[in-house]
Amino acid sequence: MLCIWLWACLLATGAARGDASVSVDFLPQWSPQSQFAGYYVADAKGFYERRGLRVKVVRGGPDRPAGAYLANRRVTFTTLFLTEGIALRDQGVPLVNIGQIVQRSALMLVARKKSGIRNPDDLDGRRVSVWDEFRLQPLAFFRQNHLSVSLVPQGYTPNLFLMGGVDAASAMWYNEYHVILNSGIDADELSTFLLADYGFNFPEDGIYCLEETLDGKPEAVRAFVQGSIEGWRYTFDHPEEALAIVMASVDAANLPTNRVHQRWMLARMGDIICPGGNCDDLGKLNEANYLFVGRQLRGNGIIQAIPDYQEFYDPRHATP
């Protein structure tokens, strides 16, 4: 209790004098891109600093698995897909969801209409590439529609689909789908199946920390979540300014992307973070959605038991 009181005093004193004296680390679960715009904006605009936090944003990517970095205490906060968060908790990692940012799944299947695929039934007997870590939703979709497909491992790009190696591919609406469009294929040449539209809406990016951080540094947790939410709201109100901030991180990391693609991604992040333009649920993890995802994970043998919702998610820090 004394530790918590001292921490709160330190934050309050630092915030009052505009001195961000409390340092934390944050690792997004992938490379710099508009998927994480709200955090870059919060850092650049001083939303964390105003709350007494000095946040070091660690560059994410495939060489820095966010779940492992958090479990090994190499960072204070990270983002994870809800499915990964539940799986890690089931494996014994004492992580806690302290703010659910992405409310709607962006995972989709994409096929060329000229291949004869226009409806889910047309996927029967076809070659479909899926990411191993995101195969649960497509598999549930195939079962629901009584489809027998030939699964093909998918890499980080949709190149196999573009070269005709598969009939359909997995894509994120905000990323690979736009890459496919930019390859010269018009949207009306494609059949798309957003899995959220077929009953498989898995909320995606959420903010996580360990229980020990939540218990020992509650003011820092609240400051980070509130600063992040402010960052996302500011992002959607000032998209071009946010895009410039994202591109600064992209350029610093020397990544092979461009402003057009990142602008598309930023717009789609708005669609899945604030579906229908409604941001009321920003930061909230709906219990029914959580249990649905948990049952899918358990039913497919990915987890042994669904972690208790009250232990997995702490709603206190996402509320004003």
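Look up: the structure comes first, before these words.
Bear in mind that the values here come from a model prediction, so they are computed numbers and not experimental data.

Procedures and definitions
Along each chain, residues carry numbers from 1 onward, in the same order as the chain's sequence is written. Under the rules for a predicted model, residues below a pLDDT of 70 receive no local features and side-chain atom pairs below 80 are neither given nor counted, while totals for whole chains, interfaces and linings still include all residues. Think of the side-chain values as coming from all heavy atoms in the structure, minus any hydrogens and water. Numbered from the N terminus, helices here are DSSP runs of H or I no shorter than four residues, and strands are runs of E no shorter than two. In this description the radius of gyration comes from C-alpha coordinates, and the expected globular size is given by 2.2 Å times residues to the power 0.38. We call a residue buried when its accessible area falls under 20% of the maximum for its residue type, exposed when it is over 50%, and partly exposed in between, using a 1.4 Å probe and counting protein chains only. Working rule for contacts: check all heavy atoms of both residues, and any pair within 4.5 Å makes them a contact. Note on areas: Shrake-Rupley with a 1.4 Å probe; residue coverage comes only from the protein chains shown. Here Asp and Glu are counted as negative and Lys and Arg as positive; His is not counted, and neither are the chain ends. Where a charge lies is defined by one atom per residue type, namely NZ (Lys), CZ (Arg), CG (Asp) and CD (Glu). The term salt bridge refers to a side-chain nitrogen of Lys or Arg lying within 4 Å of a carboxyl oxygen of Asp or Glu. Any Phe, Tyr or Trp ring, taking Trp's six-membered ring, that has another such ring centre within 6.5 Å forms a pair; planes under 30 degrees apart are called stacked, those over 60 apart edge-to-face, and the others tilted.

Peer 1: It is not clear to me how the overall build of the chain should be interpreted in this structure. Could you clarify?
Peer 2: Check the secondary structure of the chain and you find 13 helices and 10 strands. Taking 320 residues into account, the globule formula puts the C-alpha radius of gyration at 20 Å, and the chain, at 20 Å, falls close to it. Considering only C-alpha atoms, the chain reaches an extent of 65 × 45 × 35 Å along its principal axes. Within the chain, the fraction of its 320 residues that count as buried is 53%. Taking all contacts inside the chain whose residues are at least 6 apart in sequence as the whole, residues at least 24 apart take part in 78%. When the accessible surface of the chain is split by element, carbon and sulfur atoms take 49% of a total near 14000 Å². One way to put it: in the chain the 30 positive side-chain charges average out to a point 2 Å from where the 36 negative ones average out.

Peer 1: Before we go on, may I ask you to explain the pattern of salt bridges in this structure?
Peer 2: Between side chains of opposite charge, a pair can form as their charged atoms come close. Counting across every chain of the model gives 12 salt bridges. Measuring nitrogen to oxygen at the nearest pair gives 2.8 Å for the salt bridge that ties Glu212 to Arg73. On the criterion of sequence distance, the pair formed by Glu212 in helix H8 (residues 211-216) and Arg73 in the loop between helix H3 (66-71) and strand S3 (77-81) is long-range, its members being 139 residues apart. Among the charged side chains, a salt-bridge network with shared partners connects Arg50, Arg51 and Glu230.

Peer 1: I'm lost on the packing of aromatic side chains in this one. Help?
Peer 2: Here a ring pair, both rings aromatic, is described through the centre-centre distance and the interplanar angle of the planes. Tallied over the entire structure, the rule returns 21 aromatic pairs. Ring centres of Tyr39 and Trp232 lie 5.7 Å apart, and the angle between their planes is 85 degrees; on these two criteria the pair is classed as edge-to-face. Placement of the pair is Tyr39 in helix H2 (residues 37-44) and Trp232 in helix H9 (residues 218-237), with a sequence separation of 193 residues. For Tyr39, a relative accessible area of 1% translates into the label buried. Judged by its relative accessible area of 1%, Trp232 is buried. The interplanar angle of 55 degrees and the centroid separation of 6.2 Å between the aromatic rings of Phe193 and Tyr198 together place this pair among those described as tilted.

Peer 1: Help me out: how do you make sense of the environment of Ile98 in this one?
Peer 2: Take Ile98: it is sitting in strand S4 (residues 95-100). Along the sequence, Ile98 and Leu210 sit 112 residues apart, while their C-alpha atoms lie 9.7 Å from each other. Setting aside residues no more than four positions away along its own chain, Ile98 makes contact with Phe77, Ile207, Tyr208, Cys209, Leu214, Val221, Val225, Asp314, His317 and Ala318.

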